[in-house]
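Each chain, letter by letter, is given below.
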Amino acid sequence: MSIQSFNPPVRTLMGPGPADVHPRVLGALGRPTIGHLDPAFVTMMDEIKTLLRYAFRTESPLTMPISAPGSAGMEACFVNLVEPGDKVVVCINGVFGMRMKENIERCGGIPVVVDDAWGRALNPQRLEDALRANPDAKIVAFVHAETSTGACSDVKTLVGIAHRHDCLTIVDAVTALGGCELEVDSWGVDAVYASTQKCLSCTPGLAPVSFNERAVEKVRGRDSKVQSWFLDLNLIMGYWGGEQKRSYHHTAPINALYGLHESLIMLQEEGIENAWARHQRNHLALRAGLEALGLELIVPEAERLPQLNAVSIPGGIDDATVRGRLLQEYGLEIGAGLGEFAGKVWRIGLMGHSSRTANILLCVGGLGNILSSLGVPVDTGAALSGIQSALSD
Ligand SMILES: Cc1ncc(COP(=O)(O)O)c(C=O)c1O
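In what follows, the accompanying structure is described.

## Digging into the packing of helix α12 (residues 319-330) against helix α13 (residues 357-373)
- For the pair α12 and α13, interaxial distance at closest approach is 10 Å and the crossing angle is 120 degrees. Between α12 and α13, the crossing angle belongs to the class labelled oblique. Seen from above, α12 lies across α13 with right-handed handedness. For the pair α12 and α13, contact is made by Val322, Arg325, Leu326, Glu329 and Tyr330 and by Leu362, Gly366, Leu367, Asn369, Ile370 and Ser373, respectively.
- Taken together, the residues of the contact of α12 with α13 break down into six nonpolar, three polar and two charged.

Printed below as a string of structure tokens:
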């Protein structure tokens, strides 16, 4: 056998995630592993909780990372909050809303689906109508930043409607956290989950979550046991430290948590509002470049995410050919369309450490050159100078 050590090729990650990991985070991951109950490690866990509260804009003590990717954050919210027979209104405008529905069903809940258009923000009126028609609903669930389309929904308004109908809220902030405004406490979000590989510039594999008092009451008042032992909040909290002393639950992914700690320190150094502003500024620069190439963003301007840009593929151009050439010739990864957008859009991420000028120039330059070689009449030079002028505005 001559299998060698794996040395990944150098890539620039501008797809829907993972995004580029910051070198400081990569450096932190390689520090010596210590015991997960070592007092030094326990101190670092407390710091992660403090830093996550900063990122989520919450004071809730039940804020910590689940030791698994964003999908486990999703499951943690649903398995703890949805009991068999609970009616849950789920608003769907893309792939990840569909996964929420699947979670509700697997928990024995009864999903009430509010189907919204893909590529658009969720329509608050439709949620209002669904809640009027289902006064026995207990929970409302939806995605803040729909990574499959690039649409950003109005969390504050949707949560306000849910609360007026006496429902708890579960919000997916996987792509939102660190990339656009998210105010967990002042918007009243009851349970929220995220992921580390998007706008936090960290590696995949951890799912920050936060639950407020109302959510905790619902978990404590359950008639049935949480069906997942690993994701049972009562047990996880015993490990991550609540009122009680820490007790062993599972072996934390120690080095991965070093990485998250470093990425959250970087977020604090930048300032979360500055991070949101950087994502918006770079989005406008990318948009200027793409539009100068004649490419259109599919989401209406007021509903666009800065960190995920879905672009229509010009007629006659093969999706996979262009993405393949970007990867081979430029070392650049962008994303394909999902679901009903497969083959019709590219998804260009500007998340976390990927949200920077050099990446925008590489992406627009590479796309321009490839499209031109395929016979699309584009002026790549004009697109690159469009980026520069958007950045100097
Ligand atoms: C909106 C959204 N929710 C959930 C997930 C699942 O996260 P993970 O892939 O980390 O399990 C993703 C992943 O891209 C996502 O974009």
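## Observations concerning the sheet that holds strand β12 (residues 332-336)
- If you trace the four strands from one edge of the open sheet to the other, you get β1-β12-β13-β11, paired in mixed fashion. Only two strands of the sheet have a single partner each, and these edge strands are β1 (12-14) and β11 (308-312). Averaged over neighbouring strand pairs, the angle between their axes works out to 35 degrees when direction is ignored.
- In the sheet, β1 pairs with β12 via three bridges, with the strands oriented parallel.

## A short note on the sheet that holds strand β3 (residues 87-92)
- Reading across the sheet, the seven strands line up as β2-β10-β9-β8-β5-β3-β4 and stay open at both edges, with mixed pairing between neighbours. Looking along the sheet, the strands with just one partner apiece sit at the ends: β2 (63-66) and β4 (110-115). Between one strand axis and the next, the sheet turns by 20 degrees as a mean value, whatever way the strands run.
- Its contacts with the sheet put helix α2 (residues 39-56) on β2, β9 (191-193) and β10 (207-211), and the angle it makes with β2 is roughly 105 degrees.

## Observations regarding the pattern of salt bridges
- The full count for this structure, using the stated rule, is 20 salt bridges.
- Between glutamate 183 and arginine 57 there is a salt bridge, with the nearest N and O atoms lying 3.0 Å from each other. In this pair, glutamate 183 sits in the loop between β8 (168-172) and α7 (184-187) while arginine 57 sits in the loop between α2 and β2, placing the two residues 126 residues apart along the sequence.
- On the accessibility criterion, glutamate 183 (11% relative accessible area) is buried.
- The exposure class assigned to arginine 57 is partly exposed, which follows from its relative accessible area of 25%.

## Some thoughts on the pairing of β4
- Across six bridges, the pairing between β3 and β4 is parallel. Counterpart to cysteine 91 in the pairing with β4 is valine 114.
- In this fold, the crossover linking β3 to β4 by way of helix α4 (residues 95-106) has right-handed handedness.

## Quick notes on unusual backbone geometry
- In this model, glycine 17 is joined to proline 18 through a cis peptide bond whose omega is 5 degrees.
- Take proline 18: it is sitting in the loop between β1 and α1 (23-29).
- Even without being glycine, aspartate 166 reaches a positive phi, approximately 60 degrees.
- Looking at the element boundaries, aspartate 166 is found in the loop between α6 (155-164) and β8.
- Owing to a relative accessible area of 60%, aspartate 166 belongs among the exposed residues under this scheme.

## Brief notes about empty space enclosed by the protein
- In the structure shown here, the tally under the stated rule is two cavities of 30 Å³ or more.
- Roughly 50 Å³ of internal volume is contained in the largest cavity.
- Forming the walls of the largest cavity are Pro65, Ile66, Ser67, Phe230, Ile236, Trp240, His249 and His250.
- Elements with a contribution of two residues or more to the lining of the largest cavity: β2 and α9 (233-240).
- In this structure, the second largest cavity spans a volume of roughly 30 Å³.
- Along the walls of the second largest cavity sit Thr149, Gly150, Leu297, Val299, Arg304, Leu308, Asn309 and Ala310, which together make up its complete lining.

## So, the environment of isoleucine 110
- Counting through the fold element by element, isoleucine 110 comes out in strand β4.
- Among the residues examined, isoleucine 110 registers a relative accessible area of 41% and is labelled partly exposed.
- Sequence separation of isoleucine 110 and lysine 87 is 23 residues, and the distance between their C-alpha atoms is 4.6 Å.
- Leave out the neighbours within four places in its chain, and isoleucine 110 touches Gly85, Asp86, Lys87, Val88 and Ile104.

## What about the site of the ligand?
- Contacts to the ligand come from Pro69, Gly70, Ser71, Phe96, Ala145, Thr147, Asp172, Val174, Thr175, Ser195, Gln197 and Lys198.
- Glycine 70 has a polar backbone atom sitting 2.9 Å from an oxygen atom of the ligand.
- For the ligand, an oxygen atom lies 2.5 Å from a polar atom in the side chain of serine 71.
- A total of 390 Å² of accessible area belongs to the ligand in isolation, and the protein chains cover 86% of it.
- Counted by class, the shell around the ligand contains four nonpolar, six polar and two charged residues.

## A closer look at α12
- Under the 1.5 Å per step criterion, the end-to-end length of α12 is 16 Å for twelve residues, consistent within 8% with the ideal 16 Å.
- Among all positions in α12, only Asp319, Val322 and Leu326 are buried. One face of α12 carries all of its buried residues, which in axial projection span an arc of 80 degrees.
- Buried-residue contacts for α12 involve β12, β13 (345-349) and α13.
- Of the residues trailing α12, glycine 331 is marked for its positive phi of about 65 degrees.

Reading the values: the criteria
Residues numbered from 1 in each chain as written. Predicted model: local features only at pLDDT ≥ 70, side-chain atom pairs only at ≥ 80, totals over all residues. Heavy atoms only, no water. Axes fitted to C-alpha atoms, helices over the stretch in contact; angles between N-to-C directions. Helix = DSSP H or I, 4+ residues; strand = E, 2+ residues; numbered from the N terminus. Parallel < 35°, antiparallel > 145°, perpendicular 65-115°, else oblique. Left-handed = near helix turned anticlockwise from the far one by under 90°. Contact = heavy atoms within 4.5 Å. Nonpolar A, V, L, I, M, F, W, Y, C, P; charged D, E, K, R; others polar. Pairing = 2+ DSSP bridges. Salt bridge = Lys/Arg side-chain N within 4 Å of Asp/Glu carboxyl O. Buried < 20%, exposed > 50% of the residue type's maximum accessible area, 1.4 Å probe, protein only. Right-handed = clockwise from strand over helix to strand, strands pointing away. 1 Å grid on protein atoms, 1.4 Å probe; cavity = no way out; pocket = protein on both sides within 12 Å on 5 of 7 lines; lining within 4 Å. Points joined across faces, edges and corners; volume = space filled by probe spheres on them. Near = heavy atom within 4 Å. Polar contact = N/O pair within 3.5 Å; in protein donor to acceptor, adjacent residues only side chain to side chain. Areas by Shrake-Rupley, 256 points an atom, 1.4 Å probe, with all protein chains shown as cover. Expected span 1.5 Å × (residues − 1). Arc of directions from axis to C-beta.

Honestly, it's all geometry; don't read function into it.
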